Amino acid sequence: MTRIADALQIERQAALRAFNTFGLSATAHALVHIRDEADVQSVVNHPELGRLPKLILGGGSNIILTRDPAAVVLRVEVPGRALVEQRDDAFIIEAGAGENWHDLVAWTLAQGWPGLENLALIPGTVGAAPIQNIGAYGVELAQRFESLDAVDLMTGRKVTLNARACSFGYRDSVFKHDLRGKSVITRVRLKLPRPWRPVLGYFDLERRMAESGNTAPDAQTIFDWVCSIRRAKLPDPQKIGNVGSFFKNPVVTEDQCRDIIARDPRVVHYALADGSFKLAAGWLIDACGWKGKTIGHAGVYEQHALVLVNRGGASGAEVLTLARAIQESVYGRFGIRLEPEPLMI
Ligand SMILES: Cc1cc2nc3c(=O)[nH]c(=O)nc-3n(C[C@H](O)[C@H](O)[C@H](O)COP(=O)(O)OP(=O)(O)OC[C@H]3O[C@@H](n4cnc5c(N)ncnc54)[C@H](O)[C@@H]3O)c2cc1C
């Protein structure tokens, strides 16, 4: 590791395997540890690194490295969390982009500021949470979002963006479009509503309520339920490499949905408020017979067809081959193109 200027930490030929939860081997020709906004600005102004392309990396839980990145890797490690404002309608907390998301959720609960419990146990960093507007068990980040700070990778200028500027959608935001790869998010502010109200409409949570007889769970109970449901359903990336859901649930028009139901009336679908329909991608993949299948060392998780896993020593090429084969068979049977959720490098 070399230190240049004001302690900018640069690693050369850095192994990335430990930095992505699928456990894919790749090497960064240069990896810079980003501890604050000044580090991003130092990279922008750096005589060598400044003009090279950049890849922003958080916890690596939504990234598939199919090759060595042709870019300088900026690993975001900005620390810190604090209550910054106490309003009548909300607690406003601020967290550094490098903080672990789940630890932040647990910390807010321990402080007596509930509101994030449905988003427990989502791997990754705080700074990546706005990128795809993380969501689970009936809550999306957008519903708890106040604003964020980011540094522009061309100019080094710091900006603050509110929810409107982030254009959040289903697993989507401006950071997947106009600002894709262009800004490093350094801090995120969240608003935790007062008074707190539980979000319990999700099927698995309703079942927990029925099983436990607890129809008015507090935030800690919801947190515990979400953690135990997730542990039972999803592979632990520490033990089996994965990136959670590999494909987005496709959103289709009413006509398209009717066409798919005609192909198979059992298709799992949900009506959305705008008249479109969301299809369960896991169901489509399962219906094509993929659950438990393996190509090379990459496979489809036995308990959840939407999750691709590393069976040990998988290469990026094997993951790509498996993902493409799944896309082709789902398209062939249902006429639907599945879109990968993680960033594919
Ligand atoms: C077991 C498992 C379960 C999961 N469950 C869910 C779930 O329920 N809901 C859900 O929404 N997601 C889920 N995910 C996906 C993943 O946890 C989230 O997308 C998470 O927000 C990714 O965080 P990360 O720090 O690992 O991001 P990374 O994988 O490092 O990066 C993801 C993307 O964000 C960009 N990025 C990262 N940090 C920054 C930053 N500071 N500034 C700008 N760009 C940045 C990267 O360039 C990349 O495009 C799951 C993943 C796993 C492995």
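Structure's up top.
Reference entry: report on the structure contained in this document. (Residues numbered from 1 in each chain as written. Predicted model: local features only at pLDDT ≥ 70, side-chain atom pairs only at ≥ 80, totals over all residues. Heavy atoms only, no water.)

## Notes on the pairing of strand β13 (residues 183-193)
Among the eleven residues in β13, nine count as buried, and that is most of the element. As judged from the seven bridges shared by strand β11 (residues 145-152) and β13, these two strands associate in the antiparallel manner. Across the sheet, V151 pairs through a bridge with V184, a residue of β13. (Buried < 20%, exposed > 50% of the residue type's maximum accessible area, 1.4 Å probe, protein only. Helix = DSSP H or I, 4+ residues; strand = E, 2+ residues; numbered from the N terminus. Pairing = 2+ DSSP bridges.)

## Remarks on the packing of helix α2 (residues 101-111) against helix α5 (residues 219-233)
As a packed pair, α2 and α5 sit with axes 10 Å apart at the nearest point and diverge in direction by 155 degrees. By the criterion of interaxial angle, the relationship of α2 to α5 is roughly antiparallel. When the axes of α2 and α5 are compared, the crossing they make is left-handed. Across the interface between the two elements, H102, V105, A106 and L109 of α2 pack against A219, Q220, F223 and C227 of α5. Class assignment of the residues belonging to the contact of α2 with α5 gives a composition of six nonpolar, two polar and no charged. (Axes fitted to C-alpha atoms, helices over the stretch in contact; angles between N-to-C directions. Parallel < 35°, antiparallel > 145°, perpendicular 65-115°, else oblique. Left-handed = near helix turned anticlockwise from the far one by under 90°. Contact = heavy atoms within 4.5 Å. Nonpolar A, V, L, I, M, F, W, Y, C, P; charged D, E, K, R; others polar.)

## Focus on the sheet that holds strand β19 (residues 298-300)
Spatially, β14-β20-β19-β18 is the arrangement adopted by the four strands of the open sheet, whose pairing is antiparallel. Of all the strands in the sheet, the pair left with one neighbour each is β14 (241-245) and β18 (294-295). Across two bridges, the pairing between β18 and β19 is antiparallel. Of the residues in β19, the one forming a bridge with T294 is G299. Set on the sheet, helix α8 (residues 316-334) makes contact with β18, β19 and β20 (307-310); between it and β19 the angle comes to about 35 degrees.

## Quick look at the pattern of salt bridges
By the definition in use, this model includes 20 salt bridges. Residue R187 pairs with E37 through a salt bridge whose shortest N-O separation is 2.8 Å. With R187 in strand β13 and E37 in helix α1 (residues 37-45), the pair connects residues that are 150 residues apart, well separated along the chain. For E254, the salt bridge is made with R258, and the minimal N-O distance between the two is 3.3 Å. Linking E254 with R258, this pair stays in helix α6 (residues 254-263), spanning four residues, or about one helical turn. E254 gets classed as partly exposed once you look at its relative accessible area, which sits at 43%. Among the charged side chains, a salt-bridge network with shared partners connects E94, D149, K158 and R189. (Salt bridge = Lys/Arg side-chain N within 4 Å of Asp/Glu carboxyl O.)

## What about the site of the ligand?
The immediate surroundings of the ligand are formed by 33 residues, with I56, G59, S61, N62 and T125 found nearest. T125 is positioned with one of its side-chain polar atoms (N or O) 2.6 Å from an oxygen atom of the ligand. Protein burial of the ligand: of its 980 Å² of free accessible surface, 93% is covered by the chains. Of all elements in the fold, only β4 (54-57), β9 (135-136), β13 and β14 reach the threshold of two or more residues within the shell around the ligand. (Near = heavy atom within 4 Å. Polar contact = N/O pair within 3.5 Å; in protein donor to acceptor, adjacent residues only side chain to side chain. Areas by Shrake-Rupley, 256 points an atom, 1.4 Å probe, with all protein chains shown as cover.)

## As for the packing of helix α4 (residues 203-212) against α5
Where α4 meets α5, the closest approach of the two axes is 11 Å, and the angle between their N-to-C directions is 115 degrees. Relative to α5, α4 is oriented roughly perpendicular. For the crossing formed where α4 meets α5, the hand is right-handed. Here D204, L205, R208, M209 and S212 of α4 lie close against α5, whose contacting residues are W225, V226, S228, I229 and K233.

## Some points on α5
Each α-helix turn comprises 3.6 residues. Residues three or four places apart therefore point the same way. With 15 residues, α5 ought to run about 21 Å at 1.5 Å a step, and its terminal C-alpha atoms sit 21 Å apart, in line with that. Among the residues of α5, A219, I222, F223, W225, V226, C227, I229 and R230 are the ones counted as buried. (Expected span 1.5 Å × (residues − 1).)

## Structural notes on the packing of aromatic side chains
In this structure the tally under the stated criterion is six aromatic pairs. Ring geometry for Y137 against Y202: centres 5.0 Å apart, planes inclined by 65 degrees, an arrangement best described as edge-to-face. You can see Y137 sitting in the loop between β9 and β10 (139-140) and its partner Y202 sitting in the loop between β13 and α4, a full 65 residues away along the chain. Overall, the relative accessible area of 8% leaves Y137 in the buried class. Seen from their ring centres, F145 and F168 are 5.0 Å apart, and the 75 degrees between their planes marks the pair as edge-to-face. Of the two residues, F145 sits in strand β11 while F168 sits in the loop between α3 (163-166) and β13, which places them 23 residues apart along the sequence. F145 gets classed as buried once you look at its relative accessible area, which sits at 1%. (Phe/Tyr/Trp six-rings, centres within 6.5 Å; stacked < 30°, edge-to-face > 60°.)

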